[in-house]
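Here is how the chains run, residue by residue.
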Amino acid sequence: MIKIEHLVKNYGNLSAVDDVSFEIESGEVVGLLGPNGAGKSTMMNILTGYLSATSGVVEIGGHSVLDEPLAVKKQVGYLPEQPPLYLDMTVEEYLNFTYELKGCTLNREQHLKEVCDVVKIYDVYKRLIGHLSKGYRQRVGIAQALVGNPEVIIFDEPTVGLDPKQIIEIRNLIRTLGKNHTVILSTHILQEVQAVCDRILIVNKGKIVANELTENITRAVQAGRRFNVKICGPKSEVLSALRELSGVVYAEQLAERDGEAYTYTVESASGTDVRKNLFFTMAQKGFAIVGLETLGMSLEDIFITIVDDTDKPTRQGARRGKQGVSRGDKSALEKELAKDIVRRTADGQRESALGLDSDKKEEK
Ligand code: ADP
Ligand code: MG
């Protein structure tokens, strides 16, 4: 549905978008996640034809943004970072104005009513936009994007400046829209992409440094590779038994004591789940397991690691030789996962640059 190839946008000697390529399938909800200044708004402005690119290809629904701007704009609804609202118009006037501006041919009354129902602004339809709260204004901005029923909807930081209740409402709305639209959403809030997006593109310094399905990341984060286990028995014997278990890369005893049981933190190597084996081994030795708690990885740490690592491409290259999880390093698992994601994304980009067909990519 959306295809971007070798997209570049330079401002003087700053590359706001630096050779970016990715594709988005019809019906996907994709989140552009990245720190401020990463280039998210610039990419969105180019996608919607607001800004011209320095070079590269941008196509939506098979139409080139450069050569067929009108055909592209018909398919795209856009909520920019600063919604283009006229504060001295009523919601009704503004949406009618938008309807005409877009040259919409749908039944006017019915269509505008449908749009207002979706974003829940019918109760303020006759009011001046300037008199509405920030949350309602944001919804009017979304309504504007929905006029004409475009297949693709692009939201730039849609929840900035809203209160927690409004944030949840807007996220729910985006999730609803995602059921029958292709949605691109930019944010610097991790939970936001996790809550609403099928896929996460992490943008840093004008480059896509990670491109992963949200469920893959979530699954990896919850893979049960780090847990606390409470075991009865002599500390040093239990600890050596833990360290000898196949697949365990880290085991340490915590200060916590519960009767005759001590708590141990255990980490296992990528792709292994040692919990069953742990149970049988300890049972055989007569050390009873009286508690087991899986510890999740922190998505925040993974995100920060990805951004940090890709800030310093030379250092990352220098460290590439190091493999596995180092003992005693609390965030070693997060670092390992972050590196995996960045590596896979870079491999994917190299492959698409070489022009391998998409079937091959899916096999991976
Ligand atoms: P984001 O939306 O991810 O916060 P932007 O796309 O707004 O980032 O900006 C990316 C980079 O491009 C930033 O370093 C920003 O300062 C720069 N930039 C954006 N617009 C302009 C402009 N019109 N002129 C010069 N630099 C710009
Ligand atoms: Mg921005």
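Preceding this paragraph is the structure being described.
Residues numbered from 1 in each chain as written. Chains lettered and ligands numbered in written order. Predicted model: local features only at pLDDT ≥ 70, side-chain atom pairs only at ≥ 80, totals over all residues. Heavy atoms only, no water.

**Some words on the packing of aromatic side chains**
Heads up, the condition is: What counts as a ring pair is set by centres within 6.5 Å for rings of Phe, Tyr and Trp (its six-membered ring), and what kind of pair is set by the plane angle: stacked under 30 degrees, edge-to-face over 60, tilted for all other angles. Helix and strand definitions follow DSSP, with helices as H or I runs of at least four residues and strands as E runs of at least two, each counted in order from the N terminus. Whether a residue is buried, partly exposed or exposed follows from its accessible area with a 1.4 Å probe, protein chains only, as a fraction of its type maximum: under 20%, in between, or over 50%, in that order.
Considering all chains together, one arrives at five aromatic pairs under this definition. Measuring from ring centre to ring centre gives 5.7 Å for tyrosine 86 and phenylalanine 97, while their planes differ by 85°; the resulting arrangement is edge-to-face. Here tyrosine 86, found in the loop between strand S6 (76–79) and helix H3 (91–101), pairs with phenylalanine 97, found in helix H3; they are eleven residues apart in sequence, far enough to count as distant. Relative accessible area serves as the criterion here: at 29%, phenylalanine 97 is assigned to the partly exposed category. An aromatic cluster is built from Tyr86, Tyr94 and Phe97, whose rings are joined through pairwise contacts.

**Let's talk about the site of ligand 1**
In plain terms, the rule: One heavy atom within 4 Å of a molecule or strand is enough for the residue carrying it to be called near that molecule or strand. Under this definition, polar contacts are N or O atom pairs within 3.5 Å; protein pairs additionally need one hydrogen-donor-capable and one acceptor-capable atom, and for neighbouring residues in sequence, both atoms have to be side-chain atoms. Using a 1.4 Å probe, accessible areas were evaluated by the Shrake-Rupley method; residue-level cover was limited to the displayed protein chains. When residues are sorted by character, Ala, Val, Leu, Ile, Met, Phe, Trp, Tyr, Cys and Pro go into the nonpolar class, Asp, Glu, Lys and Arg into the charged class, and all the rest, Gly among them, into the polar class.
The environment of ligand 1 is formed by Tyr11, Leu14, Ala16, Pro35, Asn36, Gly37, Ala38, Gly39, Lys40, Ser41 and Thr42. In the environment of ligand 1, a nitrogen atom lies 3.4 Å from a nitrogen or oxygen atom belonging to the side chain of tyrosine 11. Between ligand 1 and glycine 37 there is a distance of 2.7 Å, counted from an oxygen atom to a backbone nitrogen or oxygen. For ligand 1, whose accessible area on its own is 560 Å², the fraction buried by protein is 59%. At the level of secondary structure, the elements contributing two or more residues to the shell around ligand 1 comprise strand S2 (14–24) and helix H1 (40–47). If you tally residues by element for the shell around ligand 1, the top one is H1, at three residues. Of the residues that constitute the shell around ligand 1, the class distribution is five nonpolar, five polar and one charged.

**A closer look at the pattern of salt bridges**
For the record, the criterion: Every case where a carboxyl oxygen of Asp or Glu lies within 4 Å of a side-chain nitrogen of Lys or Arg is listed as a salt bridge.
In total, this model carries 17 salt bridges according to the counting rule given. Its salt-bridge partner being arginine 139, residue glutamate 169 comes within 2.5 Å of it at the nearest N-O pair. Residue glutamate 169 is located in helix H6 (residues 164–178), and its partner arginine 139 is located in helix H5 (residues 134–146); the two are separated by 30 residues in the primary sequence. The exposure class assigned to glutamate 169 is partly exposed, which follows from its relative accessible area of 30%. Its salt-bridge partner being arginine 226, residue glutamate 267 comes within 3.0 Å of it at the nearest N-O pair. Within this pair, whereas glutamate 267 is found in strand S13 (residues 261–268), its partner arginine 226 is found in strand S11 (residues 226–232), the two being separated by 41 residues in sequence. Overall, the relative accessible area of 12% leaves arginine 226 in the buried class. Overlapping salt bridges, with partners in common, bring together Arg139, Lys165 and Glu169 in one network.

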